[in-house]
Amino acid sequence: MEISDEILIERAVKRRDQHAFSQLVRRHQSRLRQSLRTLCAGDHALADDIAQEAFIKAYKALAGFKREAQFFTWLYQIARNQLISHYRKKLPEPDSELVERSGEDTAAPTDQALTRRDLSRAMTQLSAAQRESLHLTYQLGYSNEEAAQLMQIPVGTVKSHVLRAKAKLKSILQDWQGETFNEPE
Amino acid sequence: MSRNNLDDWLERTLAEEDYLEDAGFTESVMAALPDAGIDARRVKTLNWAVGLAASALAGAVFPWSKVGVALFGLSLDTWLIAATALAGAFTLAAIGGGLWSFKRAP
């Protein structure tokens, strides 16, 4: 039986049990890194660095975690703030070379069938807010209200970001499909 | 892919969640964590326990009967002098501490 986040947090705080915290990291690393990769528009190295910083910050602040929200939601907020402050400090922008390289990997659909990688590539062409809205509501399964709270914007704006993002994605993907059809033999 | 198929595909693929292999991520986080250090609550409890044990030991070996008899044998004047001396010592300590802090203040 899997030990709940609450119990692991209690062990990490009260017994200063680092093993309990490592279980939390292992459990949530994939979702957090995936989320940050979406927010960083494909800069995987930056996303992983921010994820690591977020876990360390969460560990230091774990005793103050009030359990009003899910642990992941709290962690996501920490990571999001870290990323915002990273961009505010004007540290290197997302590694454009790396992003381009990851784009080259999925440069054009090789046949009619679209893949998940095509979607990831298309998502890099959305605005940061559109990407985050889609990620929160679709991939992480938050409601529009929860996403709005996490992004600190009105619910209506989240809805509009989601609608526009989907429309833009459809248009990009259709264009790519059209290019594939029209490619010379 | 028709428009309807694209809609379906998009809805479905957006909702999919890719699992990222840990690949040493957790180890790198754990290695970067600050030391667990000393638990302040445990130190406080230990301090109290040691203090109480020392007091109990001192109380057990203290010659209460002899000191009690000697104290009851003192005159009122001696008690007043002792109290005044004690109060003076506390006052001097307080003033000295205050002056020392004042000199150290930036």
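Predicted model, so just to flag it, every value in this text is computed and none were measured.

### What to know about the overall build of chain A
Tallying secondary structure elements over chain A gives nine helices and zero strands in all. Listing the helices and strands of chain A from first to last along the sequence gives α-α-α-α-α-α-α-α-α. For chain A, contacts bridging at least 24 residues in sequence account for 62% of all contacts bridging at least 6. Carbon together with sulfur atoms contributes 48% to the accessible area of chain A, which is approximately 9900 Å² in total.

### Digging into the packing of helix H3 (residues 44–61) of chain A against helix H4 (residues 71–88) of chain A
Residues and elements named next belong to chain A. The interhelical angle for the contact between H3 and H4, taken along N-to-C directions, is 125 degrees, at an axis separation of 9 Å. Put simply, H3 runs oblique to H4. Where H3 crosses over H4, the two elements pack in a sense that is right-handed. Contacts between H3 and H4 involve Leu46, Ile50, Glu53, Ala54, Phe55, Lys57, Ala58 and Ala61 from the first element and Trp74, Leu75, Ile78, Ala79, Gln82, Leu83, His86 and Tyr87 from the second. Partitioned by chemical class, the residues of the contact of H3 with H4 number twelve nonpolar, two polar and two charged.

### Examining unusual backbone geometry
With phi around 55 degrees, Gln152 of chain A is a residue other than glycine that occupies positive phi space. Structurally, the position occupied by Gln152 of chain A is in the loop between helix H8 (144–151) and helix H9 (155–182). Residue classification places Gln152 of chain A among the exposed residues on the basis of a relative accessible area of 65%. Phi is positive for Ala23 of chain B, close to 45 degrees, though the residue is something other than glycine. Note on Ala23 of chain B: relative accessible area 74%, which makes it exposed.

### Description of the interface of chain A and chain B
Taken together, the contact between chain A and chain B spans 35 residues of the former and 29 residues of the latter. Here chain A meets chain B over a buried area of about 3300 Å², counting both sides, of which 60% is carbon and sulfur. Contact with chain B buries area across many residues of chain A, yet Arg16, Arg116 and Lys170 of chain A alone supply 18% of it, more than any other trio. For the interface between chain A and chain B, the tally reads four salt bridges. Two residues, Asp18 of chain B and Arg116 of chain A, come together in a salt bridge whose shortest N-O distance is 3.2 Å.

### What to know about the UniProt feature "transmembrane region" (unreviewed entry) in chain B
Residues and elements named next belong to chain B. According to UniProt, the feature "transmembrane region" (unreviewed entry) maps to residues 46–64 and 79–102 in the numbering used here. Span residues 46–64 is 89% helix and 0% strand, its end C-alpha atoms 28 Å apart. Helix makes up 100% of residues 79–102 and strand 0%, with an end-to-end C-alpha separation of 35 Å.

### Thoughts on the packing of aromatic side chains
Under the criterion given, the structure shown has seven aromatic pairs over all chains. Both rings, one in Phe55 of chain A and one in Phe25 of chain B, keep their centres 5.9 Å apart while their planes meet at 65 degrees; by these two values the pair is edge-to-face. A residue pair is termed interchain when its members come from two chains, as with Phe55 of chain A in helix H3 and Phe25 of chain B in helix H2 (residues 25–32). Residue classification places Phe55 of chain A among the buried residues on the basis of a relative accessible area of 0%.

### Some details on a nonpolar patch on the surface
All names here are of chain B. On the surface, Leu71, Leu74, Leu76, Trp79 and Leu80 cluster together into a nonpolar patch covering about 510 Å² of accessible area. The element contributing the most residues to the nonpolar patch is helix H5 (residues 76–104), with three residues. Residue position: Leu74 is located in the loop between helix H4 (64–72) and H5.

### Details of H4 of chain A
Residue and element names in this part refer to chain A. The terminal C-alpha atoms of H4 lie 26 Å apart, and with 18 residues this matches the ideal 26 Å at 1.5 Å per residue to within 8%. Taken together, the buried positions of H4 are occupied by Phe71, Phe72, Thr73, Trp74, Leu75, Tyr76, Ile78, Ala79, Arg80, Gln82, Leu83 and His86. Contact partners of the buried residues in H4: helix H1 (5–14), helix H2 (18–39), H3, helix H7 (128–139) and H8.

### Description of the nonpolar core
Core analysis: the largest hydrophobic core is formed by 59 residues, its most contacted members being Phe21, Leu32, Leu36, Leu134, Leu169 and Leu173 of chain A. Among the elements that line this core, the one with the most residues is H3 of chain A, at nine residues. Both domains that furnish three or more residues to this core are identified here as domain 1 (5–88) and domain 2 (108–182) of chain A. Not counting residues up to four positions away in its chain, the partners in contact with Phe21 of chain A are Ala12, Phe55, Tyr59 and Leu62 of chain A together with Met30 and Leu33 of chain B.

Rules of the game
- Residues numbered from 1 in each chain as written.
- Chains lettered and ligands numbered in written order.
- Predicted model: local features only at pLDDT ≥ 70, side-chain atom pairs only at ≥ 80, totals over all residues.
- Heavy atoms only, no water.
- Helix = DSSP H or I, 4+ residues; strand = E, 2+ residues; numbered from the N terminus.
- Contact = heavy atoms within 4.5 Å.
- Areas by Shrake-Rupley, 256 points an atom, 1.4 Å probe, with all protein chains shown as cover.
- Axes fitted to C-alpha atoms, helices over the stretch in contact; angles between N-to-C directions.
- Parallel < 35°, antiparallel > 145°, perpendicular 65-115°, else oblique.
- Left-handed = near helix turned anticlockwise from the far one by under 90°.
- Nonpolar A, V, L, I, M, F, W, Y, C, P; charged D, E, K, R; others polar.
- Buried < 20%, exposed > 50% of the residue type's maximum accessible area, 1.4 Å probe, protein only.
- Buried area = accessible area lost by both parts, 1.4 Å probe.
- Salt bridge = Lys/Arg side-chain N within 4 Å of Asp/Glu carboxyl O.
- UniProt positions renumbered as here; feature names shortened; annotations may be inferred.
- Phe/Tyr/Trp six-rings, centres within 6.5 Å; stacked < 30°, edge-to-face > 60°.
- Patch = residues over 30% accessible without salt bridge, like charges linked within 9 Å, V, L, I, M, F, W, Y side chains within 5 Å.
- Expected span 1.5 Å × (residues − 1).
- Core = buried A, V, L, I, M, F, W, Y, C linked by side-chain atoms within 4.5 Å.
- Domains from an automatic or database assignment.

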